[in-house]
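Tertiary structure, described
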Amino acid sequence: MLGKQFLHGGDYNPEQWDETIWIEDMRLAKLANVNTMTIGIFSWSMLELTEGEYNWGWMDRIFELLNENGMNAILATPSAAQPRWMSEKYPEVLRVEHNRVRQEHKVRVNYCLSSPIYRQKCREMSRLLAERYGKNPALVLWHVSNEYHEDCHCDLCQQAFREWVQERYKTLDNLNERWGTAFWSHRYSDWSEIRSPQPWPAGEWSMMSLGVAWKRFNSELTVDFFNNEAKVLREVTPNIPLTSNIHTWDVNWRVLTDAVDIVSYDSYPRFQVDDGDYERSLHASFKYDYMRALKRQPFILMENNPSSPPGTKLRRPGYHITKTMQAVSAGSDSVLYFQWRNGKTSNEMFHGAVVNHDGRGDTRAFKEVAKVGSMLQDLESICGTNIDPDVAVIYDEENHWGIEFSTMARWDGRSYMNQVHSHYRAFWNRGIAVDVIPSVKDFSHYKVLVAPVLYMFLPGVAERIEEFVKNGGTFVTTFWSGYVDEDNHAISGGAPGYMSKVLGIRSEELDACANEIDFKGHTWKTEHFADVIHAEGAEVISTFKKEYYKGSPAITCNSFGDGKAYYMSSSHCEEFMNVFYGDIIKEAGVDTLYSEPLPKGVTCRERGGKLFVMNFAPEERIVKLPNGETTTIDAGQTLIL
Ligand SMILES: [Zn+2]
């Protein structure tokens, strides 16, 4: 089923209602052109009422109804929220905060990732679900747990961290050297002294290597927690693929890539029908390009909001279609919502839903959902098709952590993500597909590789960049690159560290100051940064116009092997980036329908021979189509050709 037909539907928590509503939901689902329901996500306490007392009747009946109505089921394991009885009986399953205080039973995702008891309970529940529903014809996908995030600081997790550190660093001497513990008397004399970091000012926040190591450990622990359930599901149902939906960005998702069969993502851009929609849609697109690039295959849009909650500025007619088609055009094989029906009470009572508390199938939001369902049926030929961009932009979570932990680097308020977006935008403005990749991914698929603020070098990355350029690739990087190794340990010899040779430059000091540069006969204002660099082999193609370093290189290009490596010493406005990357796109022979940026707020994507032209501007835009015709696209609308 996956890859042949778009999945259209969403999270459904039928345990809140009786069968009368379930039957009505099946009728409404058909009206909405919905073919899939995701069930069981937080259902543990309704499946196992007390320890060993199971309650399968309602889920059995839901599976019957889904089958009778020709619908697909995505079945979740309920491990994102343990039942209250379990927290009471086995307190070790509850999470401990960074202040070392154990939480009470609350909210959700309140479990310890290491607890042997919780892991055993999760395996048992996964096995029961797989044995009961694994052969059910409706089942198309396992949804393992839900939205992993944050960490646990209990004794079990601390011990697991110690073992992880010991395995990675082997000896205390090596650990002390690589973490630089001679500083501020932080030397470890026994493995038992290793503990998780805590935020400023109360706890141990000063060790940059420890901070990155803890994040890295927790990402791997999260995948280990996933595999605890996945192993059982794969054993019992080897033909049913597995996913786990990504939402927050505190886990390094690249480590989950090989563990899941399909990447899935929960996307919640809050369109307000204003100038900011352009930026919000760009951020959403960036994340879709990351999700697709993780496995270089289509992904699943597991959650998005089908309507606006009361009290917010309502999404205007057509925006829902544009928002969902944006994901489809970027490689999603689904449009799945949170949620099918508004919760009766508690936290999700007024979250957007396909079916509101009025229970009607003729609301504006419902009709737009039905329209999306019908469009997905018409687009079936592109389901499962991949996108193979010429361009990759590196966004690396470990690099991000490194920057965040660089406490004295005065990076405040100038986020890494914003810097990456500023480069990505030049391609987005032209409708050029980009793979957003971590630095450890293979670069050989691309003509252009952009690595804004590549502060941290993971092992082998600098060598692979060199290889990429030598083989004819075009590489662009920026200020604040090449400062530290994987342990957040400063690289001796100065920036840009291991990239000095390929870039043919040396950075002396970084001025956090706006300046002006000459570029192609024009003067451009720069933003935030000016890196005072020396060309050591690279050609200077732009110089600074102000300050004591007036006349020093601002942008350089180094010919290296068959390729070119550019260094940009400043951050720049959108207009400059459009001009700069216009040349790069031309020079590198990037495949594009538009060599110039589309009108502000408009972007396009091509997938499987279909062209999606989307207007995220608050007003209509006149767009020249690739066939030479000119058309007007209203605010928030999509044209599919
Ligand atoms: Zn724990």
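As the structure is a prediction and not an experimental result, all values here were calculated from the model.

Conventions used here
- Residues numbered from 1 in each chain as written.
- Predicted model: local features only at pLDDT ≥ 70, side-chain atom pairs only at ≥ 80, totals over all residues.
- Heavy atoms only, no water.
- Buried < 20%, exposed > 50% of the residue type's maximum accessible area, 1.4 Å probe, protein only.
- Helix = DSSP H or I, 4+ residues; strand = E, 2+ residues; numbered from the N terminus.
- Right-handed = clockwise from strand over helix to strand, strands pointing away.
- Pairing = 2+ DSSP bridges.
- Donors = N, O, S within 2.8 Å, 3.2 Å for Na, K, Ca; no water.
- Tetrahedral: all angles 85-135°; square planar, octahedral: opposite > 155°, others 65-115°.
- Salt bridge = Lys/Arg side-chain N within 4 Å of Asp/Glu carboxyl O.
- Domains from an automatic or database assignment.
- Contact = heavy atoms within 4.5 Å.
- Buried area = accessible area lost by both parts, 1.4 Å probe.
- Polar contact = N/O pair within 3.5 Å; in protein donor to acceptor, adjacent residues only side chain to side chain.
- Nonpolar A, V, L, I, M, F, W, Y, C, P; charged D, E, K, R; others polar.
- Core = buried A, V, L, I, M, F, W, Y, C linked by side-chain atoms within 4.5 Å.
- Phe/Tyr/Trp six-rings, centres within 6.5 Å; stacked < 30°, edge-to-face > 60°.

**Overview of the pairing of strand S2 (residues 36-39)**
Remember that side chains alternate between the two faces of the sheet whenever the strand is regular. Residues Thr36 and Thr38 point to one face of S2 and Met37 and Ile39 to the other, with burial holding for every one of them. For the handedness criterion, the β-α-β arrangement of strand S1 (residues 7-12), helix H1 (residues 19-31) and S2 is classed as right-handed. Summarising the sheet, S2 and strand S5 (residues 72-76) pair through four bridges and their orientation is parallel. Across the sheet, residue Met37 finds its bridge partner in S5, namely Ala73.

**Focus on the coordination of the zinc ion**
The coordination sphere of the zinc ion contains the protein donors Cys112 (SG), Cys152 (SG), Cys154 (SG) and Cys157 (SG), at a distance range of 2.3 to 2.4 Å. Classification of the site at the zinc ion rests on its four donor atoms, whose angles at the metal span 103 to 118°, yielding the label tetrahedral.

**Here's the deal with the pattern of salt bridges**
Pairing between side chains becomes possible if they bear opposite charge and their charged atoms approach one another. Scanning all chains against the criterion turns up 40 salt bridges. Of the charged contacts, one joins Asp60 and Arg132 as a salt bridge, the two residues approaching to 2.8 Å between their closest N and O atoms. Linking Asp60 in helix H3 (residues 57-68) with Arg132 in helix H5 (residues 116-133), this pair joins segments that are 72 residues apart in sequence. Of the residues examined, Arg132 reaches a relative accessible area of 40% and is grouped as partly exposed. A salt bridge links Lys600 to Glu574, with the shortest nitrogen-to-oxygen separation between them at 2.7 Å.

**Digging into the domain arrangement of the protein chain**
Its domain assignment divides the protein chain into domain 1 (7-154 + 213-382), domain 2 (391-588) and domain 3 (602-640). Facing the 23 residues of domain 1 at the interface are 25 residues of domain 2. Carbon and sulfur atoms make up 56% of the area that domain 1 and domain 2 hide from each other, which totals about 2,300 Å². Seen at the junction of domain 1 and domain 2, the total is five salt bridges. In this structure, the connection of domain 1 to domain 2 is made through 19 residue pairs in polar contact (both at pLDDT 80 or more). Taken together, the elements giving at least two residues each to the side of domain 1 that touches domain 2 come down to helix H8 (208-236) and helix H9 (276-295). Examining the composition of the side of domain 1 that touches domain 2, we find that 12 residues originate from one element, H9, more than from any other. A class-by-class count of the residues in the side of domain 1 that touches domain 2 yields eight nonpolar, seven polar and eight charged.

**A look at the side chain of Thr243**
Mapped onto the fold, Thr243 is located in strand S7 (residues 242-243). Owing to a relative accessible area of 0%, Thr243 belongs among the buried residues under this scheme. Side chain to side chain, Thr243 and Ser264 meet in a polar contact 2.8 Å long. Dropping the residues within four chain positions of it, Thr243 is found in contact with Leu141, Trp142, His143, Val144, Phe226, Val260, Ile262, Val263, Ser264 and Met302.

**So, the sheet that holds strand S6 (residues 139-143)**
The sheet built from six strands is open, its strands ordered S7-S6-S5-S2-S1-S11 with parallel pairing. The outermost strands of the open sheet, each flanked by one partner alone, are S7 and strand S11 (334-337).

**Quick look at the nonpolar core**
One finds Trp142, Phe161, Trp179, Trp340, Phe475, Phe580 and Tyr581 to be the most contacted residues of the largest nonpolar core, which totals 187 residues. Residue contributions to this core peak at 11 residues, all from H8. Discounting residues that sit within four places of it in the chain, Phe580 has contacts with Val476, Phe519, Ile555, Tyr566 and Met568. Residues Cys604, Leu611, Val613 and Val623 belong to the second largest nonpolar core, which totals nine residues.

**Quick notes on the packing of aromatic side chains**
Going through the model one piece at a time under the given rule, you end up with 43 aromatic pairs. Measuring from ring centre to ring centre gives 6.1 Å for Tyr118 and Phe225, while their planes differ by 15°; the resulting arrangement is stacked. Residue Tyr118 is located in helix H5, and its partner Phe225 is located in helix H8; the two are separated by 107 residues in the primary sequence. Relative to Tyr483, the ring of Trp480 lies with its centre 4.2 Å away and its plane at 45°, an arrangement referred to as tilted.

**Thoughts on the pairing of strand S14 (residues 448-451)**
Alternating residues of S14 divide into Val448 and Val450 and Leu449 and Ala451, and every residue in both groups is buried. In this sheet, S14 lies alongside strand S12 (residues 391-394) in parallel orientation, the contact comprising three bridges. Bridge pairing links Val393 to Val450 in S14. The pairing of S14 with strand S15 (residues 474-478) spans four bridges and is parallel. Each bridged residue has a counterpart across the sheet, and for Val450 the counterpart in S15 is Val476. Between the parallel elements S14 and S15, the chain passes through helix H14 (residues 461-470) in a crossover that is right-handed.

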